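Survey of secondary and tertiary structure
These are the residues of each chain, in order.
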Amino acid sequence: MISWASFLTIMGMLAVTYSTRLIGFFALRNRTLGKRAAAVMEAAPGCVLIAVIAPHFVSDKPHELIALAITLFAASRWGMLPTVLIAVVSSGVLGYLMK
């Protein structure tokens, strides 16, 4: 069973994450973005993914480095959703098998 502290922490993170989406929606809903602003908005998900996996570049755990290589290969071939799915699965499977 999950503890109340963990549950409230997860709910708090959910609220903060969703509120950033709502703020962005309400701030930009009646505006037309320029080419440069549109390019920044399209690049943002990739930047977030890199920020999440960047610490694994300096990892001393072999399964994380192998999963990182698999993720980089997937990112060079496919779009965001398949890359994220491949990253999660490869990290989980390799972490389970190599511990």
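Provided above is the structure to which this section pertains.
Keep in mind the model is a prediction, meaning the values are calculated, not measured.

Glancing now at the side chain of His-63. For His-63, the position within the fold is in helix H3 (residues 62-77). For His-63, the contacting residues outside a window of four places in its chain are Leu-94, Gly-95, Met-98 and Lys-99.

Relative to the 26 Å expected for 18 residues at 1.5 Å per residue, helix H4 (residues 80-97) spans 26 Å between its end C-alpha atoms, a close match to the ideal helical length. Buried residues along H4 sit in contact with helix H2 (35-53) and H3.

Roughly 350 Å³ of internal volume is contained in the largest pocket. Lining of the largest pocket is provided by Arg-21, Gly-24, Phe-25, Leu-28, Met-41, Ala-44, Pro-45, Val-48, Leu-49 and Val-52. Of all the secondary-structure elements, those providing two or more residues to the lining of the largest pocket are helix H1 (4-28) and H2. Of all the elements, H2 adds the most residues to the lining of the largest pocket, at six residues. Of the residues assigned to the lining of the largest pocket, the class counts are eight nonpolar, one polar and one charged. Of all elements in the fold, only H2, H3 and H4 reach the threshold of two or more residues within the lining of the second largest pocket. Looking at side-chain class alone, the lining of the second largest pocket contains eight nonpolar, three polar and one charged residues.

To continue, consider the environment of Ala-69. Here Ala-69 shows up in helix H3. The class for Ala-69 is partly exposed, based on a relative accessible area of 46%. Residues Ala-69 and Ala-87, spaced 18 residues apart in sequence, show a C-alpha to C-alpha distance of 9.4 Å.

Now for a nonpolar patch on the surface. Side chains of Ile-2, Trp-4, Phe-7, Leu-8, Ile-10, Met-11, Met-13 and Leu-14 sit close together on the surface and give an oily, nonpolar patch of about 840 Å² of accessible area. Within the secondary structure, Phe-7 is located in helix H1. Among the residues examined, Phe-7 registers a relative accessible area of 33% and is labelled partly exposed.

What follows is about the packing of H2 against H4. It is the contact of H2 with H4, at a shortest axis distance of 12 Å, that shows an interaxial angle of 15 degrees. On the basis of the axis angle, H2 is roughly parallel to H4. Taken as a pair, H2 and H4 cross one another with a handedness that is left-handed. Contact with H2, carried on its side by Pro-45, Gly-46 and Leu-49, involves Met-80, Thr-83 and Val-84 of H4 and no other residues of that element. Grouping the amino acids of the contact of H2 with H4 by side-chain chemistry returns four nonpolar, two polar and no charged.

What counts and what doesn't
- Residues numbered from 1 in each chain as written.
- Predicted model: local features only at pLDDT ≥ 70, side-chain atom pairs only at ≥ 80, totals over all residues.
- Heavy atoms only, no water.
- Helix = DSSP H or I, 4+ residues; strand = E, 2+ residues; numbered from the N terminus.
- Contact = heavy atoms within 4.5 Å.
- Expected span 1.5 Å × (residues − 1).
- 1 Å grid on protein atoms, 1.4 Å probe; cavity = no way out; pocket = protein on both sides within 12 Å on 5 of 7 lines; lining within 4 Å.
- Points joined across faces, edges and corners; volume = space filled by probe spheres on them.
- Nonpolar A, V, L, I, M, F, W, Y, C, P; charged D, E, K, R; others polar.
- Buried < 20%, exposed > 50% of the residue type's maximum accessible area, 1.4 Å probe, protein only.
- Patch = residues over 30% accessible without salt bridge, like charges linked within 9 Å, V, L, I, M, F, W, Y side chains within 5 Å.
- Areas by Shrake-Rupley, 256 points an atom, 1.4 Å probe, with all protein chains shown as cover.
- Salt bridge = Lys/Arg side-chain N within 4 Å of Asp/Glu carboxyl O.
- Axes fitted to C-alpha atoms, helices over the stretch in contact; angles between N-to-C directions.
- Parallel < 35°, antiparallel > 145°, perpendicular 65-115°, else oblique.
- Left-handed = near helix turned anticlockwise from the far one by under 90°.

Note that every value here comes from positions in space, so none of it alone points to a role or purpose.
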